[in-house]
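# Working through the structure, step by step
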Amino acid sequence: MTVPTGRRERKKAATRQKIADTALRLFLERGYDAVGIRDVAAEADVAVTTLFSHFASKEALVFEQDDNFEQRLMQAATDRAPQEPLIPALRREIKAMVRHCTADGTAPIYRMIDESRALREYEESIRLRHAESLAAALVADPDLPQSATACRTIARFVIDAYSLARETADPQAAVDEIFQMIEAAWNVT
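Computed from a predicted model, the values in this text were never measured in an experiment. (Residues numbered from 1 in each chain as written. Predicted model: local features only at pLDDT ≥ 70, side-chain atom pairs only at ≥ 80, totals over all residues. Heavy atoms only, no water.)

## Some words on the packing of aromatic side chains
Note the threshold: Ring geometry is summarised as follows: Phe, Tyr and Trp rings, the Trp one being its six-membered ring, pair when their centres sit within 6.5 Å, and such pairs are stacked at plane angles under 30 degrees, edge-to-face over 60 and tilted between the two. Summary of the burial criterion: residues with accessible area below 20% of their type's maximum are buried, those above 50% are exposed, and those between are partly exposed, where the area comes from a 1.4 Å probe applied to protein chains only. Secondary structure elements follow DSSP: runs of H or I of four or more residues count as helices, runs of E of two or more count as strands, with numbering from the N terminus. Think of it as a cone above the ring: NZ of Lys or CZ of Arg counts as a charge over the ring if it is within 6 Å of the ring centre and within 35 degrees of the ring normal.
If you walk through the whole model with that rule in mind, you get three aromatic pairs. Centroid distance phenylalanine 27 to tyrosine 32: 4.9 Å. Interplanar angle 65°. Geometry classified as edge-to-face. Take tyrosine 32: its relative accessible area is 6%, and that puts it in the buried class. Ring centres 6.5 Å apart and planes at 65° place the aromatic pair phenylalanine 69 and tyrosine 162 in the edge-to-face group. Linking phenylalanine 69 in helix H5 (residues 66-78) with tyrosine 162 in helix H9 (residues 148-166), this pair joins segments that are 93 residues apart in sequence. The cationic tip of lysine 58 hangs over the ring face of tyrosine 32; the distance from NZ or CZ to the ring centre is 4.2 Å.

Shown next, in the form of structure tokens:
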């Protein structure tokens, strides 16, 4: 994620982070369903309209890194060095994302997500959006000879690799195992 350079941009980013941190703390302390938007805004000392200028929904507060993750995936696919194969570049990025999301202290967050239907559904919508964005980037790459169907399929597999690996006892090994299958499928197309 780019670091804001101007004073206004830095203040805006700091407010956004303060809201997200406050929301997560409240959700973990009281339970996701027990905390309302007004509670978060009051605790963060911002107006509800300010909260909504940074986050489109209550669910978005939990997934505040969503845009950053999507941007990183797109960069892994489109900004790789000439002649660098696509699948290893995506594997590296998914491994980094899994490392981030399985670090110490993240288990309560994912437990909260698993226990909330609204959060599970929101996370699924994020995955679908990321897969479509990644697929569009792959289809647009003139150096990739695969069909649009193959690009969409591989994009879905890559996004699902993140979710599946995160749920295992050894996430990094799971990413490696899943990406062996993804690479084999990519090479067949």
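Moving on from the model shown.
## So, the pattern of salt bridges
Between side chains of opposite charge, pairing is possible as soon as their charged atoms come close. Basically, it comes down to this: One speaks of a salt bridge when a side-chain nitrogen belonging to Lys or Arg is within 4 Å of a carboxyl oxygen belonging to Asp or Glu.
For the coordinates displayed, the defined rule picks out 15 salt bridges. For glutamate 70, the salt bridge identified is with arginine 129, shortest N-O distance 2.3 Å. Taken as a pair, glutamate 70 in helix H5 and arginine 129 in helix H8 (residues 117-140) lie far apart in primary sequence, 59 residues in all. The exposure class assigned to glutamate 70 is buried, which follows from its relative accessible area of 12%. Within the structure, one salt-bridge network assembled from shared partners comprises Glu123, Glu124, Arg127 and Arg166.

## Some thoughts on the layout of surface pockets
Gaps left between atoms show up when a probe the size of a water molecule is rolled over them. Selection criterion: Put simply, the grid is 1 Å and covers the protein atoms alone, a cavity is a trapped set of points that fit a 1.4 Å probe, a pocket is an open set with protein on both sides within 12 Å along at least five of seven lines, and lining residues have an atom within 4 Å of a point. Grid points are joined across faces, edges and corners, and a volume is the space filled by probe spheres set on the points. Gly counts as polar in this scheme, as do all residues outside two lists: the nonpolar Ala, Val, Leu, Ile, Met, Phe, Trp, Tyr, Cys and Pro, and the charged Asp, Glu, Lys and Arg.
Of the pockets and cavities examined, the largest pocket occupies roughly 500 Å³. Lining the largest pocket are 26 residues, and of these Val62, Gln65, Phe69, Cys101 and Tyr110 sit closest to its centre. Elements represented by at least two residues in the lining of the largest pocket include exactly helix H1 (7-30), helix H4 (58-62), H5, helix H6 (86-101), helix H7 (107-115), H8 and H9. Here the residues of the lining of the largest pocket are counted per class, giving 16 nonpolar, four polar and six charged. Roughly 250 Å³ of volume is contained in the second largest pocket. Contributing to the lining of the second largest pocket are 17 residues, with Arg80, Gln83, Glu84, Asp143 and Leu144 lying nearest its centre. Among the secondary structure elements, those contributing two or more residues to the lining of the second largest pocket are H5, H6 and helix H10 (171-188). Considered class by class, the residues forming the lining of the second largest pocket number nine nonpolar, three polar and five charged.

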